[in-house]
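Now for the letters of each chain:
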Amino acid sequence: MASRVAISRASRIKTKLETALQAAVLEVEDVSHQHAGHAAVRHMEGGAQETHFNVRIVSAKFQDQNLVKRHRMVYDLLSDELQSGLHALSITAKTPKEAGIDNSN
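Residues numbered from 1 in each chain as written. Predicted model: local features only at pLDDT ≥ 70, side-chain atom pairs only at ≥ 80, totals over all residues. Heavy atoms only, no water.

The name that an unreviewed UniProt entry assigns to the protein chain is SufE-like protein 1, chloroplastic/mitochondrial, with the source organism given as Salvia divinorum. Note on the protein chain: under the UniProt heading Subcellular location (unreviewed entry), the record states "Plastid, Chloroplast". Recorded under Sequence similarities (unreviewed entry), the UniProt text for the protein chain is reproduced unchanged: "Belongs to the BolA/IbaG family." (UniProt positions renumbered as here; feature names shortened; annotations may be inferred.)

Colleague: How should the pattern of salt bridges be read in this particular structure?
Modeller: Charged atoms that come close allow side chains of opposite charge to pair. A complete count under the given rule lists six salt bridges for this structure. Between Asp-80 and Lys-16 there is a salt bridge whose closest N-O contact spans 2.8 Å. Of this pair, Asp-80 sits in helix α4 (residues 79–82) while Lys-16 sits in helix α1 (residues 9–21), and the two are 64 residues apart along the sequence. The network of salt bridges with common partners includes Arg-9, Arg-12, Lys-16, Asp-80 and Glu-81. (Salt bridge = Lys/Arg side-chain N within 4 Å of Asp/Glu carboxyl O. Helix = DSSP H or I, 4+ residues; strand = E, 2+ residues; numbered from the N terminus.)

Colleague: Sorry, what's going on with α1 here?
Modeller: It helps to recall that an α-helix has 3.6 residues per turn; residues three or four apart then point in one direction. The terminal C-alpha atoms of α1, which comprises 13 residues, lie 18 Å apart, in line with the 18 Å expected from a rise of 1.5 Å per residue. Lining the buried residues of α1 we find β1 (25–30), β2 (52–58), α3 (67–77) and α4. Directly after α1, the chain includes Gln-22, whose backbone phi takes a positive value near 45 degrees. (Expected span 1.5 Å × (residues − 1). Contact = heavy atoms within 4.5 Å.)

Colleague: Would you mind going over the sheet that holds β2 with me for this structure?
Modeller: Backbone-to-backbone hydrogen bonds pair the strands of a sheet. The strands run either parallel or antiparallel. If you trace the three strands from one edge of the open sheet to the other, you get β1-β2-β3, paired in mixed fashion. The sheet is open, and its two borders are formed by β1 and β3 (88–94), each paired with just one other strand. Averaged over all pairs of adjacent strands, the angle between their axes in this sheet comes to 10 degrees, without regard to strand direction. Taken strand by strand, α1 contacts β1 and β2, and its axis lies near 25 degrees from that of β2. (Pairing = 2+ DSSP bridges. Axes fitted to C-alpha atoms, helices over the stretch in contact; angles between N-to-C directions.)

Colleague: What's the story with the packing of α1 against α3 in this structure? I'm lost.
Modeller: Each pair of packed helices can be described by the angle between their axes along with the distance between the axes. Taken N-terminus to C-terminus, the directions of α1 and α3 make an angle of 125 degrees; their axes are 10 Å apart at the nearest point. It follows from the interaxial angle that α1 and α3 lie oblique. Classified by chirality, the crossing of α3 by α1 is right-handed. Contact residues: Lys-16, Leu-17, Ala-20 and Leu-21 in α1; Met-73, Val-74 and Leu-77 in α3. Along the lines of polarity and charge, the residues of the contact of α1 with α3 split into six nonpolar, no polar and one charged. (Parallel < 35°, antiparallel > 145°, perpendicular 65-115°, else oblique. Left-handed = near helix turned anticlockwise from the far one by under 90°. Nonpolar A, V, L, I, M, F, W, Y, C, P; charged D, E, K, R; others polar.)

As structure tokens, this is what we get:
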């Protein structure tokens, strides 16, 4: 009998973003507990569990992309999460050069 291991939303987010954007830096912070009393979250099944995240990502794939396009890239990669309970995402998206980790000098 195969066992099913539940993978956290944070882990899924991290895997999707690391794989697609080849992130040099990726931080995924679950801040759902800060929103537990909000009306929109109170009515969700299970309450405010893995519904709100802060994401900081540094990727060379953001080069020559404006902020809106960078955010769109992240939202597109996480569209299934947004449709299945992810309520809010705060995104900081930078290139390695903008983040001060560009080693190509």
